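# Observations on the model geometry
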Amino acid sequence: MSETEQFLTNIKEKAKSLCRHIVLPEGEDKRMAEAASMASKEKMAKITMLGVAERITAKLKETGAAMDMINVVNTADSPKLKEYAEEFYQLRKKKGIDMSKAEQAVKDSMYFGTMMLKKGDADGLVAGAVHSSADTIRPALQIVKCAPSVNTVSSMFFICRGEETYLFSDCGLNLNPTTEQHADIALATANTARQFGIKPRIAMLCYSTKGSGLGPDVEAMQEATKAAKEKLASEFEGDYAIDGELQLDAAFVPKVAEKKAPGSPLEGKANVFIFPDLCAGNIAYKLAERMGGMSAYGPILQGIAKPVNDLSRGCSARDILATIAITAIQGEK
Ligand SMILES: CC(C)(COP(=O)(O)OP(=O)(O)OC[C@H]1O[C@@H](n2cnc3c(N)ncnc32)[C@H](O)[C@@H]1OP(=O)(O)O)[C@@H](O)C(=O)NCCC(=O)NCCS
Ligand SMILES: CC(=O)OP(=O)(O)O
C-alpha cells in the first residue's frame, strides 16, 4: 500500500472543504475510533459514533481525538428512539413490521444510524467493519432505498496505487446480475468515476475476448455489453469508452489488446472493470488488495438515495478514513 497514493490525498482535501456529518454505527470498534480520531484531527468531517457511549469515549480518548468534531450517542437511551421507531414502522408496516418490532429494530445501531440518515440527522453512513455486507446493506435498502429513476443499487471499489485509480464493480452486492442489472452497474460506475474526476473507460469482463471462448457466460457478457452501450449512449453525460466482452489482459495491457482485441476503443487502457458476477468481483478486489498490494476502498454503494457505504470486516482504520471521505463527497449538494 502506497503512502503517497494520489486518490487518498485528493479525496481527503475535498472532504475537508465539505466537512459533512458522517455517522459510524459501529462506534465501539477500535478501528472506528482510530478513523474518527484521524478525521476529527484533520477536520475532515463531523462524526457521530453509536453504541455504548462510555466505551466509545474511552477508546476515542486513547487516540487523542479532537472531541469538538465528534458526537457520541448512547443508542439504547437516545431521545430519538421513539421518532425513529415510528418512521421505521411507517416505512415497513406493509412488510409485516409492527410497532413493537420497529421499536426493537431501531435500538440496533445499524438501524438507528440508517434512520439518522433517512431523517436528515446525518449526511452519510459508514459501517461494515463489524457487520457482514448483507447486514450493513439491508437496512439501507429497506430505509434509504434507490435514488430517483434508479432500479439497481450496486457496489464498487476504488482500487488505488500511487497515481493509479481503478473502479471495480460489482464486488459486494448483486450476486448474478441480469443483462439489465449489468447495464445499470456499468452506468452507475461510470457516474461514480465522473463524480470523482475520472473519465470512464469501461471493460465488460469475461473469460473470453470477442468470441474467443464459448458458453452461456460469454453470451451473457456479450448481451450485457450491448445493453450497457445502449444505456450509456442514452443516459451518461460526459466522455467515455466501453468495450466487451474482454478478458482482463485484453482490457488492461495495450500489447495484449492489439493482439486479442484490435480496434477496441479501450486500447488496453480500461480503468473501470465490470465483473460478470459477485464471485469474480469479490475475489478480484481481494486479489488486487491482498496479493497485489493495492489499496481497496469500498464497497461503495451506487444508486442509493443517500450515501451509505460498506467496508470489509478485514479493513484498516485508514480504509475507514478513506471511506468517510468518499461518503462525504457523495453527499455533496
Ligand atoms: C444486500 C442483500 C442482503 C439484500 O438481500 P436481502 O437481504 O435478501 O433482502 P431483500 O431481497 O429482502 O431486499 C430488501 C429490500 O432491498 C431491495 N433490494 C434488494 N437488492 C436490491 C438492489 N440490488 N437494488 C435495489 N434494491 C434492492 C428489495 O427490493 C427489498 O425492498 P423492499 O423490502 O422494500 O421490498 C443481498 O443482496 C446480499 O446478501 N448480497 C450479497 C452481499 C454479500 O454477501 N457480499 C459479499 C461481501 S461484500
Ligand atoms: C466486501 C467484503 O468482502 O466484505 P467482507 O470481507 O466483510 O465479507
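Residues numbered from 1 in each chain as written. Chains lettered and ligands numbered in written order. Predicted model: local features only at pLDDT ≥ 70, side-chain atom pairs only at ≥ 80, totals over all residues. Heavy atoms only, no water.

## Regarding helix α4 (residues 81-92)
With 12 residues, α4 should reach 16 Å at 1.5 Å per residue; the first-to-last C-alpha distance of 16 Å fits that figure. Looking at the packing, one finds that the buried side of α4 touches α5 (99-107), α6 (109-118) and α7 (133-143). (Helix = DSSP H or I, 4+ residues; strand = E, 2+ residues; numbered from the N terminus. Expected span 1.5 Å × (residues − 1). Contact = heavy atoms within 4.5 Å.)

## Here we look at the pattern of salt bridges
Side chains that differ in charge, positive against negative, can pair when their charged atoms come close. With the rule as written, the count across this model stands at 24 salt bridges. Note that Lys119 and Glu87 form a salt bridge whose closest N and O atoms lie 3.4 Å from each other. In this pair, Lys119 is assigned in the loop between α6 and β4 (124-126) and Glu87 in helix α4, connecting sequence segments 32 residues apart. A relative accessible area of 33% means that Lys119 is categorised as partly exposed. Across the pair Asp249 and Lys260 runs a salt bridge whose closest N-O atoms are separated by 2.9 Å. Taken together, the positions of Asp249 in helix α10 (residues 248-252) and Lys260 in helix α11 (residues 254-260) put the pair 11 residues apart, joining distant regions of the chain. Under the relative-accessibility criterion, Asp249 is labelled partly exposed at 28%. (Salt bridge = Lys/Arg side-chain N within 4 Å of Asp/Glu carboxyl O. Buried < 20%, exposed > 50% of the residue type's maximum accessible area, 1.4 Å probe, protein only.)

## Overview of the site of ligand 2
Residues in close proximity to ligand 2 include Ser133, Phe157, Asn282, Tyr285, Lys286, Pro299, Ser312 and Arg313, which together make up its full environment. Between Asn282 and ligand 2, the recorded distance is 3.0 Å, taken from a side-chain N or O atom to an oxygen atom. In the environment of ligand 2, an oxygen atom lies 2.7 Å from a nitrogen or oxygen atom belonging to the side chain of Arg313. The protein chains hide 86% of the 260 Å² of surface that ligand 2 would expose on its own. Looking at the shell around ligand 2 element by element, the count peaks at three residues for helix α12 (residues 278-291). Grouping the constituent residues of the shell around ligand 2 by class yields three nonpolar, three polar and two charged. (Near = heavy atom within 4 Å. Polar contact = N/O pair within 3.5 Å; in protein donor to acceptor, adjacent residues only side chain to side chain. Areas by Shrake-Rupley, 256 points an atom, 1.4 Å probe, with all protein chains shown as cover. Nonpolar A, V, L, I, M, F, W, Y, C, P; charged D, E, K, R; others polar.)

## Notes on the site of ligand 1
Neighbouring ligand 1 are 19 residues; Arg92, Lys95, Arg138, Val153 and Asn174 lie closest to it. The backbone of Gly172 places a nitrogen or oxygen atom 3.0 Å from a nitrogen atom of ligand 1. Taking Asn174, its side chain carries an N or O atom lying 2.9 Å from a nitrogen atom of ligand 1. Look at ligand 1: alone it shows 940 Å² of surface, and the protein chains cover 62% of it. Put simply, the parts of the chain that give the shell around ligand 1 at least two residues each are α7 and α12. Per element, the largest residue contribution to the shell around ligand 1 is five residues, and it comes from α7. Considering only residue class, the shell around ligand 1 consists of nine nonpolar, six polar and four charged.

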